[in-house]
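# Tertiary structure, described
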Amino acid sequence: MITVFGSINMDLIATTERLPKPGETVAGNSFSTAAGGKGANQALAARRAGRAVHLAGAVGRDGFAGPALALLKDAGTQLEAVKQVDEPTGTALILVGGDGENMIAVVPGANGTVTAAGADLAVGAMSKGDILMLQLEIPVPAVERALAAARAGGVITVLNLAPLIDDAGRLGRIADIVIANETEFERLAGRENMGPDDREAALKQIHGETGQTLIVTLGADGVIAIRDSVIFRAKGLKIEPVDTVGAGDTFCGYFAAGLDEGLDFETALRRAAVAGSLACLTQGAQPSIPLSADVANKL
Ligand code: RIB
């Protein structure tokens, strides 16, 4: 079983020909809203991959709470551990440029009320061998307690180092499996401007020190990973991205689902990379997460 302990947002999305520079105003082409939040997106991806998934987190008592959880509910995600609190539901203001790239500002709202006590509750309901998936969009003390409680209970921890925060390097050393993009991995490694050779060397070095499984997502170039001292590479699909929001979350959720299902590591990476590619073809984080049959058709 997979439990995702993390953020739940409503995404407010504007598309533009190109992203504005600081201080610049550009005309928008369209506006839409969609369910988002890194925790919620990863939970939905794991669920759409076919696994039993619990989501723990918080939403407000406002008009965004229902729509933020609607797709998760429709998919059969267990939402009993999502609390309703007095802060507003988290929101993300997202600009998507013509090339599919984006800029995001997140206002945590209810996500900021998630506590270490909430971590104890979420992890306390898990069993040895279950998978706990975390990101860095809820308060650090909650993430830290969840990692510690999971370790004590024999729960496997998967930490996605997104979004990049000051504590990412430290927290990234205490999860069993870490998923990071290039910039996040540089924070974990404590170095900047890494080329492919530097990255591979840093993966080997950290793995040698900690024994962790480490996965670095490389956008269109797929992923590189290390597990049990072996380097793995996997590619997604060649695509023209429409909107990359949620692609990383789709990768994370599908990867956790693959582990939970007992897929071998390389197959889990490849399936997750393909799912992440497919998530770039439709606008909006959760609406773009593919179903397992659609991913299977492209493997
Ligand atoms: O990773 C994408 C997500 O980041 C969006 O859904 C947005 O809510 C922000 O949390």
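Anything mentioned here points back to the structure above.
Before going into details, it helps to say that this report is about the structure given with it. (Residues numbered from 1 in each chain as written. Predicted model: local features only at pLDDT ≥ 70, side-chain atom pairs only at ≥ 80, totals over all residues. Heavy atoms only, no water.)

### Observations regarding the packing of aromatic side chains
Two numbers describe a pair of aromatic rings. These are the distance of the centres and the angle of the planes. Cut-off, in case you're wondering: Stacked, edge-to-face and tilted are the three classes for Phe, Tyr and Trp ring pairs, Trp counted by its six-membered ring, which pair at centre distances within 6.5 Å; planes under 30 degrees apart are stacked, over 60 edge-to-face, the rest tilted. Every helix listed is a DSSP run of H or I at least four residues long, and every strand listed is a run of E at least two residues long, numbered separately from the N terminus. Burial status follows relative accessibility: with a 1.4 Å probe on protein chains alone, a residue under 20% of its type maximum counts as buried, one over 50% as exposed, and anything between as partly exposed.
The final tally for this structure, using the stated rule, is three aromatic pairs. Pairing F232 with F265 gives two aromatic rings, centres 4.9 Å apart and planes at 75 degrees, and the pair type is edge-to-face. Here F265 lies in helix 9 (residues 265-278) and F232 lies in strand 13 (residues 230-234), a separation of 33 residues in the sequence. Each member of the pair, F232 as well as F265, is classed as buried.

### Topic: the environment of A168
Rules: Throughout, a residue-residue contact means that at least one pair of heavy atoms, one from each residue, lies within 4.5 Å.
Structurally, the position occupied by A168 is in helix 5 (residues 168-171). On the basis of relative accessible area, A168 is assigned to the buried category, the value being 0%. Taking the C-alpha atoms as reference points, A168 and L136, 32 residues apart in sequence, are found 7.8 Å from one another. If we skip the residues at most four places from it in the chain, A168 touches L136, L161, R187 and L188.

### Things to note about the pairing of strand 13
Stated precisely, the cut-off is as follows: DSSP-based pairing: two strands are paired if at least 2 bridges between them are found.
Examined bridge by bridge, strand 12 (residues 223-227) and strand 13 share five bridges and lie antiparallel to one another. For I224, the partnering residue across the bridge sits in strand 13 and is R233. Counting the residues between successive antiparallel strands, the hairpin from strand 12 to strand 13 contains two residues, one of them, D228, with a positive phi of roughly 45 degrees.

### Regarding the side chain of H207
Quick note on the threshold: Pairing of N or O atoms within 3.5 Å defines a polar contact, subject to two protein rules: one partner must be a possible hydrogen donor and the other a possible acceptor, and residues neighboring in sequence count only if both atoms are side-chain atoms.
Relative to the assigned elements, H207 resides in helix 7 (residues 196-210). H207 gets classed as buried once you look at its relative accessible area, which sits at 8%. At 2.8 Å, the side chain of H207 and the backbone nitrogen of S229 are in polar contact. If we ignore the near neighbours within four places in the chain, the residues touching H207 are Q212, L214, I226, R227, D228 and S229.

### Comments concerning the pattern of salt bridges
Any two side chains of opposite charge can pair, on the condition that their charged atoms come close. Rules: Just to be clear on terms, a salt bridge is a Lys or Arg side-chain nitrogen sitting within 4 Å of an Asp or Glu carboxyl oxygen.
Using the criterion set out here, one finds 13 salt bridges in the structure. Across the pair D86 and R61 runs a salt bridge whose closest N-O atoms are separated by 2.8 Å. Here D86 is found in the loop between strand 5 (78-84) and strand 6 (90-96), whereas its partner R61 is found in the loop between strand 4 (53-59) and helix 2 (65-74), with 25 residues between them in sequence. Assessed through its relative accessible area of 71%, D86 is described here as exposed. Across the pair E144 and R170 runs a salt bridge, and its minimum N-O distance is 2.6 Å. One end of the pair, E144, is in helix 4 (residues 140-153); the other, R170, is in helix 5, with 26 residues separating them in the sequence. Taking relative accessible area as the criterion, E144 reaches 30% and is therefore assigned partly exposed.

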